[in-house]
Amino acid sequence: MTSSEIRKSFLDFFAARGHKIVPSAPVAPLDDPTLLFTNAGMNQFKDVFLGTGTRPYRRAADSQKCIRVSGKHNDLEEVGFDTYHHTFFEMLGNWSFGDYYKEEAIRWAWELVTGVWGVPKQSLWATVFREDDEAEALWKKVTDIGPGRVLRFAEKDNFWEMGETGPCGPCSEIHIDRGEGYCDKKAVPGHVCAVNGGCARYIELWNLVFIQYNRDASGALNPLASKHVDTGMGFERAVAVLQNKASNYETDVFMPLIEAVGGLTGVSPEDPERLPAFRVIADHVRSLCFAVTDGALPSNEGRGYVLRRLLRRAARYGRTLGMTEPFMHKLASVVVDTMAGAYPELRTMAGHTAHVIKSEEERFNEVLDRGIEIFETVSSELLKRGGKTVPGAEAFRLYDTFGFPLDLTQLMAREKGLSVDAEGFEREMEAQRCRARESHRFAAADACEWDELSAGTHSEFVGYDALEIDARVRRISRDGGTVRVVLDRTPFYAESGGQSGDKGFIAGKNFRIRVDDTVRQGDAIVHVGAFEEGGGACDGPVTASVDRTGRMATARNHTSTHLLHKALREVLGPHVNQAGSAVDPGRLRFDFTHFEAMTAEQVDAAEEIVNAKVRENLPVEKFTTTLARAKEMGATALFGEKYGDEVRVVKIADYSMELCGGTHLDATGQIGYFRIVREEGVAAGVRRIEAVTGAAADALLRSEKRLLRGLEASLKAPAAELPKRVESLQEEKKELERKLKKAQSSTAGSEIDSSVQNAVTVSGFKVASSRADVSDVEELRAMGDKLREKLKSGVGVLGAVIGEKVSILCVVTDDLIKSKSLKAGDIVKKAAEIVGGSGGGKPHQALAGGKDPSRLDEAIQSVPKIVEGIIQGMKP
């Protein structure tokens, strides 16, 4: 049978037994955050097993596209070196969702393998989980498997789990003994061929999983509401068995690809030393084609990085076959021809898939040979010294500079009998992650999906010398209303070194994109914005135009930071160093090391120095030189910044010279005017100055001028006399406040006298209650103190509306606190209930608030009854 016939016979077998034949889920899962790739047939039914979803059928079967490269199920290292491991494979499977269970699953599996496909029964073995008595008994009951051919194994081999968490359960496997000649471990001392023995003689053919648990994040097993069946058979292995091939790679699934690789390279796959390269390339191209077809794209994160690793690994194997030019994209058509019958989406997306693979190949091809050369140098020196381990720092350099994934470096090291310090590599990686967290907001751009529109180099920055150029779009990404564009060359400066990204426009024949920001994504300059016109095809030549006004304004601010840095060192001392900066068209921010707040005189002095240099119109020179030469010239480098051998220097006459990659003016006079807006502390030992230049400084001056004119008109005094006029007004205000307070005190005294005169007698003492005209609570408390003093012996309550809320104050004289046990808090609490409030305080004075000013008079009038009620309540 051909592979297509085998796939069809499996599906037909289960369709005849009431199974719904469902299409394969995408290999790049869209709705499961726990998976980079679909790695098993049951992934699309995970919600059913967890009890969170349902299907309109209880039996299903399909052939599922799977990729296993990372995580718990990671077969990458075995790919190409044995006959049956793959990164991409198809999983034939049948499922029962709370319908049939172990008996039917075991019986049908045996019937298909031995009855329909005719696999010799004497070559088959079955395994069960060591605690699964039921499964072992069923094998003997419903099949005619040979005596002693049902084996028990521990959890490692016969307890299936999808991942660290999720549905799981005991499993039973069918293994086939292919004969002694298939053993690939004969040279391994002590090796014994056996089921689960790790060689190619005994291979797993079909896994029958009986899902009855869900493992949670803590590792605990929780029983599922219903028991399910999930079976999985590796399609490629089944084809190898049924086509009687020693290796999966010898079947009609892989041979068209292997033959195509031979045709492209001119190398024969019969060479055993080169055979792994053929296998790896064939396998990885299949993974790339299916993943890209289903929407995944190479990138630096997540599943995108997995694809990048696969492509780069295959590219390096291509080098061992003499391929120095991109070639994998040419193999995509072979995958389409052999697999599109079962997966028609491959043909639909064929052009896109080939283009993506080619573009990624071209990018890596530029650095692959240099990376290999670096590795050869490192490994040769290591071997000469008798070393056995490639340092983690060297592995990281290959990753960071040349894009070599760690597993690729490990592969190359193994070929030379070396290992790699993976822990050291991870330490270097973590250090880089810490640095990268500062720019985490670019993650969205890094994870976006790109459409490759043209091939070749990209992101050549020419913006030091030109603000408008002709260019071509290399790739584009659309995400809602946001569009991201990468050009072959660009005048747009990407945010870096504290300088904001340029804005402007990218215009083509039928479209116009407004660029709102320009950022770096890896080695790419990404233009972020939105379509103002068009929005369809964006290929063909384009004009990239930077907003000249914005660029000039940013340059004014950037050059000003260099002048400010030097000025601060002159004013405050040589200890001042730049601790951070941000420049954009609207303003500049400069952080610097200094131990205390600057005085107003120091701020003025720094501002005056900068403006003096502006008026001198000093020339600003920009040039590239070696780092060593720049240091010899006295150029200032930023602390903690890493520089390459070649650096860009910005020199302002003989006044300032710094290493800087930003955009600058040609002369300081172009700044126009520099103005410090504020100086403040941002951290221990770090101060910050914010300032404006050019048009923004001019706008600030005009605003201050308008404010000054308004003050002159309001205060009826010329600008020069305003300080004296304000001082005079402040003295007048103080005098008026003194007189007002005296008048209020007099008025309050009259109100208190009136309240005492109108007091009523309750149980032999006075109870005075009245409204008070006060502006705040403190004034109310002051009146309460005076009322308590006037009463000599009694209870006083004052109520006032302050703002829109009620305040009620109660005072009780000391004698009543002792003799009657009266407490101000008890009284004010009951009074406050009338106005919808509550409160409390000390026995001699308590304050309450309320929400209903309309009932304040009622509360005040109720005070005598409240006091009388409290007194009566105290009697035995």
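Residues numbered from 1 in each chain as written. Predicted model: local features only at pLDDT ≥ 70, side-chain atom pairs only at ≥ 80, totals over all residues. Heavy atoms only, no water.

A. Spatial organisation of the sheet that holds strand β28 (residues 760-762). Judged by pairing direction, the sheet is mixed, and its six strands sit side by side in the order β28-β29-β30-β31-β33-β32 without closing on themselves. The open sheet has two free edges, formed respectively by β28 and β32 (838-841), since each of these has just one partner strand. Pairs of neighbouring strands in the sheet enclose a mean axial angle of 20 degrees, with direction left out of account. (Pairing = 2+ DSSP bridges. Helix = DSSP H or I, 4+ residues; strand = E, 2+ residues; numbered from the N terminus. Axes fitted to C-alpha atoms, helices over the stretch in contact; angles between N-to-C directions.)

B. Inspection of the confidence of the model for the protein chain at higher detail. Here the protein chain averages 89 in pLDDT, and 96% of its residues register 70 or above. Contacts for the low-pLDDT stretch residues 438-446, under 50 throughout, to residues beyond four places or in other chains number 14 contacts. (pLDDT = per-residue confidence, 0-100. Contact = heavy atoms within 4.5 Å.)

C. Quick peek at the pattern of salt bridges. Summed over all chains, the structure comprises 44 salt bridges. Lysine 140 serves as the salt-bridge partner of glutamate 136, at 3.8 Å between the closest nitrogen and oxygen. You can see glutamate 136 and its partner lysine 140 sitting in helix α4 (residues 133-142), four residues apart, about one turn around the helix. A residue is classified by how much of its surface remains accessible, and glutamate 136, at 16% relative accessible area, is buried. (Salt bridge = Lys/Arg side-chain N within 4 Å of Asp/Glu carboxyl O. Buried < 20%, exposed > 50% of the residue type's maximum accessible area, 1.4 Å probe, protein only.)

D. Molecular detail of the nonpolar core. In terms of nonpolar packing, the biggest core is built from 125 residues, with Trp139, Trp206, Ile281, Met328 and Phe404 touching the most fellow members. Counting residues per element, this core draws most heavily on helix α8 (residues 275-293), at eleven residues. When sequence neighbours within four positions are dropped, the list of residues in contact with isoleucine 281 reads Val261, Ala314, Tyr317, Gly318, Leu321, Phe327 and Leu331. By size, the runner-up hydrophobic cluster in this structure holds 29 residues, among which are Ala555, Leu568, Phe674 and Ile676. (Core = buried A, V, L, I, M, F, W, Y, C linked by side-chain atoms within 4.5 Å.)

E. Region of the structure containing the sheet that holds strand β23 (residues 620-626). Judged by pairing direction, the sheet is antiparallel, and its three strands sit side by side in the order β23-β24-β25 without closing on themselves. Across the chains shown, the open sheet's two edge strands, defined by having one partner strand only, are β23 and β25 (656-659). Neighbour-to-neighbour, the strand axes of this sheet turn through a mean angle of 25 degrees, independent of strand direction. Across seven bridges, the pairing between β23 and strand β24 (residues 646-652) is antiparallel. Paired with phenylalanine 623 across the two strands is valine 649, which belongs to β24. Set on the sheet, helix α17 (residues 548-572) makes contact with β23, β24 and β25; between it and β24 the angle comes to about 75 degrees.

F. Geometry of the side chain of arginine 286. With respect to the helices and strands, arginine 286 occurs in helix α8. When sequence neighbours within four positions are dropped, the list of residues in contact with arginine 286 reads Phe88, Phe89, Glu236, Val253, Phe254, Leu257, Val335 and Met339.

G. Focus on the packing of α17 against helix α18 (residues 600-616). Where α17 contacts α18, the axes come no closer than 9 Å and their chain directions differ by 135 degrees. Between α17 and α18, the crossing angle belongs to the class labelled oblique. Both α17 and α18 take part in a crossing whose hand is right-handed. Residue-level inspection shows Leu563, Leu564, Ala567, Leu568, Glu570, Val571 and Leu572 of α17 in contact with α18, the latter providing Gln602, Ala605, Ala606, Ile609, Val610, Lys613 and Val614. (Parallel < 35°, antiparallel > 145°, perpendicular 65-115°, else oblique. Left-handed = near helix turned anticlockwise from the far one by under 90°.)

H. The layout of surface pockets, seen in detail. Considering only enclosed or pocket space, the second largest pocket measures out at about 1300 Å³ in volume. Lining the second largest pocket we find 47 residues, and of these Arg68, His85, Glu173, Glu204 and Arg237 sit closest to its centre. Elements that contribute at least two residues to the lining of the second largest pocket include exactly β3 (88-97), α5 (155-158), β6 (159-161), β7 (166-177), β8 (202-215), β9 (221-234) and α6 (235-242). Looking at the lining of the second largest pocket, the element that brings in the most residues is β8, giving seven residues. For the lining of the second largest pocket, the per-class residue count stands at 17 nonpolar, 14 polar and 16 charged. (1 Å grid on protein atoms, 1.4 Å probe; cavity = no way out; pocket = protein on both sides within 12 Å on 5 of 7 lines; lining within 4 Å. Points joined across faces, edges and corners; volume = space filled by probe spheres on them. Nonpolar A, V, L, I, M, F, W, Y, C, P; charged D, E, K, R; others polar.)

I. Representation of the pairing of strand β33 (residues 845-850) within the structure. Most of β33 is tucked away, with five of its six residues classed as buried. Bridging between β32 and β33 involves four bridges; their strand directions are antiparallel. Looking at β33, one finds that glycine 841 is bridged to alanine 846. From the end of β32 to the start of β33, which pair antiparallel, there are three residues.

J. Expanded view of the packing of aromatic side chains. Inspection of the entire model under this criterion finds 25 aromatic pairs. Judged by centre distance (6.3 Å) and plane angle (85 degrees), the ring pair of phenylalanine 14 and tryptophan 206 falls under edge-to-face. A residue pair is termed long-range when its members are at least 10 positions apart, and phenylalanine 14 in helix α1 (residues 3-15) and tryptophan 206 in strand β8 qualify at 192 residues. Of the two residues examined, phenylalanine 14 and tryptophan 206, each falls in the buried class. Measuring from ring centre to ring centre gives 4.1 Å for phenylalanine 88 and phenylalanine 290, while their planes differ by 15 degrees; the resulting arrangement is stacked. In this pair, phenylalanine 88 is assigned in strand β3 and phenylalanine 290 in helix α8, connecting sequence segments 202 residues apart. By relative accessible area, phenylalanine 88 is classed as buried at 0%. Taken together, Phe10, Phe13, Phe14 and Trp206 form an aromatic cluster joined through their ring pairs. Here the guanidinium or amino end of arginine 475 rests over the ring plane of tryptophan 450, the centre of that ring lying 5.0 Å away. Against the face of phenylalanine 505 rests arginine 512, its NZ or CZ located 3.7 Å from the ring centre. (Phe/Tyr/Trp six-rings, centres within 6.5 Å; stacked < 30°, edge-to-face > 60°. Lys NZ or Arg CZ within 6 Å of the ring centre and 35° of its normal.)

K. Highlighting empty space enclosed by the protein. Enumeration over the complete set of coordinates arrives at three cavities of 30 Å³ or more. Reported here for the largest cavity is a volume of approximately 80 Å³. Taken together, Ser359, Glu362, Arg363, Glu452, Ser454, Ala455, Gly456, His458, Arg474 and Arg475 make up the full set of residues lining the largest cavity. Every element with two or more residues in the lining of the largest cavity is listed here: α12 (350-384) and β14 (468-479). Within this model, the second largest cavity holds a volume of roughly 70 Å³. Ala315, Arg319, Met323, Glu325, Pro326, Phe327, Met328, Glu361, Phe364, Asn365 and Leu368 are the residues that line the second largest cavity. At the level of elements, α9 (302-320) and α12 are the ones that each hand at least two residues to the lining of the second largest cavity. With four residues, α12 is the largest single contributor of residues to the lining of the second largest cavity. Here the residues of the lining of the second largest cavity sort into seven nonpolar, one polar and three charged.

L. Up close: the environment of histidine 329. Tracing the chain through its elements places histidine 329 in helix α10 (residues 328-339). Classification of histidine 329 by relative accessible area gives buried; the value is 15%. Setting aside residues no more than four positions away along its own chain, histidine 329 makes contact with Ala354, Ile357, Lys358 and Glu361.

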